[in-house]
Amino acid sequence: MSLSIRAAAITDLADLVAWNAAMAWETEHRQLDPATLQRGVNGVFEEPRRGFYLIAERDGVAVGCLLVTYEWSDWRCGDFWWIQSVYVIPAARRGGVFRALYAAVEQGAAAAGAAGLRLYVETENLHAQTTYAELGMQRCHYFMYEALLTSRA
């Protein structure tokens, strides 16, 4: 079964919205507002400076995605590429889909001269943490804090 990675297009919007909603429910039992989510995903296509989505396809059928956003590091004078909104459909899990997406991000980041890759993971998601470690990522010493400023939470 052939696996390929491609840049997402606006024609992928429905899948990206559905997969983000599914991921939010699976990881946080959070029901996202569909209209807000659609505007949020579309916002990446409207403003490429925000990042980009990649789509994994198996035999021409979309089976997963991720979002890359950028964080400028003044310490390193370069961007960190943040991997976010990772989703693989249940039937395709444990089949190398995320590994292929990660490899594409890693290659793209290296070619762009990025400072590194980062992501965050739920503290209880040991399966994902193991996968990230197997790919050579290391848990860093930072905690994540947030303060939500609008009702968009």
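The present account deals with the structure reproduced in this document.

Reading the values: rules and limits
- Residue indices begin from 1 for each chain and proceed along its sequence in written order.
- Where totals are concerned, whole chains, interfaces and linings use all residues; where local detail is concerned, this predicted model gives features only for residues with pLDDT of at least 70, and gives and counts side-chain atom pairs only at 80 or more.
- As a convention, hydrogens and water are excluded, and side-chain values are obtained from all of the structure's heavy atoms.
- Here, a strand pair is defined by DSSP locating no fewer than two bridges between the strands.
- Numbering of helices and strands runs from the N terminus, with a helix taken as a DSSP run of H or I at least four residues long and a strand as a DSSP run of E at least two residues long.
- The angle between two axes is taken between their N-to-C directions and runs from 0 to 180 degrees, where each axis is a line fitted to C-alpha atoms and a helix contributes only its stretch in contact.
- The criterion used for residue contact is that any of the two residues' heavy atoms lie within 4.5 Å.
- In this scheme, a helix's expected span is set at 1.5 Å multiplied by one less than its residue total.
- Each residue is assigned to one of three classes by its accessible area relative to the maximum for its type, calculated with a 1.4 Å probe on protein chains only: buried under 20%, partly exposed between the two thresholds, exposed over 50%.
- Note that the arc is computed from the directions linking the helix axis to the C-beta atoms.
- Among the buried residues, those of types Ala, Val, Leu, Ile, Met, Phe, Trp, Tyr and Cys that are joined through side-chain atoms within 4.5 Å form a nonpolar core.
- Centre distance within 6.5 Å is the pairing criterion for rings of Phe, Tyr and Trp, where only the six-membered ring of Trp is used; planes under 30 degrees apart are then read as stacked, over 60 as edge-to-face, and the remainder as tilted.
- Two limits define a charge over a ring: the Lys NZ or Arg CZ must be within 6 Å of the ring centre, and within 35 degrees of the ring normal.

1. Some thoughts on the sheet that holds strand 4 (residues 78-88)
Next, step 1: Here five strands make up an open sheet; going across it, the order is 1-2-3-4-5 and the pairing mixed. Since the sheet does not close on itself, it has two edges, and those belong to strand 1 (3-7) and strand 5 (116-119), each with one partner. Neighbour-to-neighbour, the strand axes of the sheet open up by a mean angle of 30 degrees, direction not taken into account.
Next, step 2: Relative to strand 3 (residues 61-73), strand 2 (residues 52-58) runs antiparallel, the two sharing seven bridges. The residue of strand 3 that forms the bridge with L54 is L66.
Next, step 3: Along the sheet, helix 3 (residues 97-112) makes contact with strand 1, strand 2, strand 3, strand 4 and strand 5, crossing strand 4 at roughly 165 degrees.

2. Section: helix 3
Next, step 1: Spanning 16 residues, helix 3 covers 23 Å between terminal C-alpha atoms, matching the ideal 22 Å at 1.5 Å per step.
Next, step 2: Of all the positions in helix 3, only V97, F98, L101, Y102, V105 and A109 are classed as buried. Viewed along the axis of helix 3, the buried residues span an arc of 125 degrees, placing them on a single side of the element. Exposed residues pointing more than 90 degrees away from the buried face of helix 3 are listed as Q107, A110 and A111.
Next, step 3: The secondary structure elements touched by the buried residues of helix 3 are strand 1, strand 2, strand 3, strand 4, strand 5 and helix 4 (126-134).
Next, step 4: Just downstream of helix 3, G113 is the residue with a positive phi angle, here 75 degrees.

3. A short note on the nonpolar core
Next, step 1: L66, I83, V97, V105 and L117 are the most contacted members of the largest nonpolar core, which totals 20 residues.
Next, step 2: Within the residue set of this core, elements represented by two or more residues are strand 2, strand 3, strand 4, helix 3, strand 5 and helix 4.
Next, step 3: A per-element tally of this core places helix 3 first, with six residues.
Next, step 4: When neighbours within four sequence positions are excluded, L66 is seen to be in contact with F52, Y53, L54, I83, Q84, S85, V86, F98, L101 and V105.
Next, step 5: Grouped together as the second largest cluster of nonpolar side chains are 15 residues, V17, M23, V41 and Y53 included.

4. Brief notes about the packing of aromatic side chains
The geometry of two aromatic rings is summed up by the distance between their centres and the angle between their planes.
Next, step 1: Under the definition given, this model contains eight aromatic pairs.
Next, step 2: Geometrically, the ring pair formed by F45 and Y53 is stacked, given 6.0 Å between the ring centres and 25 degrees between the ring planes.
Next, step 3: We classify F45 as partly exposed; its relative accessible area is 23%.
Next, step 4: The ring of F80 carries R118 above its face, with NZ or CZ at 3.6 Å from the centroid.

5. So, the pairing of strand 3
Next, step 1: Where strand 2 folds back onto strand 3 in an antiparallel hairpin, the turn is made up of two residues, including D59, whose phi is positive at roughly 50 degrees.
Next, step 2: Across nine bridges, strand 3 lies against strand 4 in antiparallel orientation. Considered in strand 4, the bridge of L67 is made with Q84.
Next, step 3: Where strand 3 folds back onto strand 4 in an antiparallel hairpin, the turn is made up of four residues, including C77, whose phi is positive at roughly 50 degrees.

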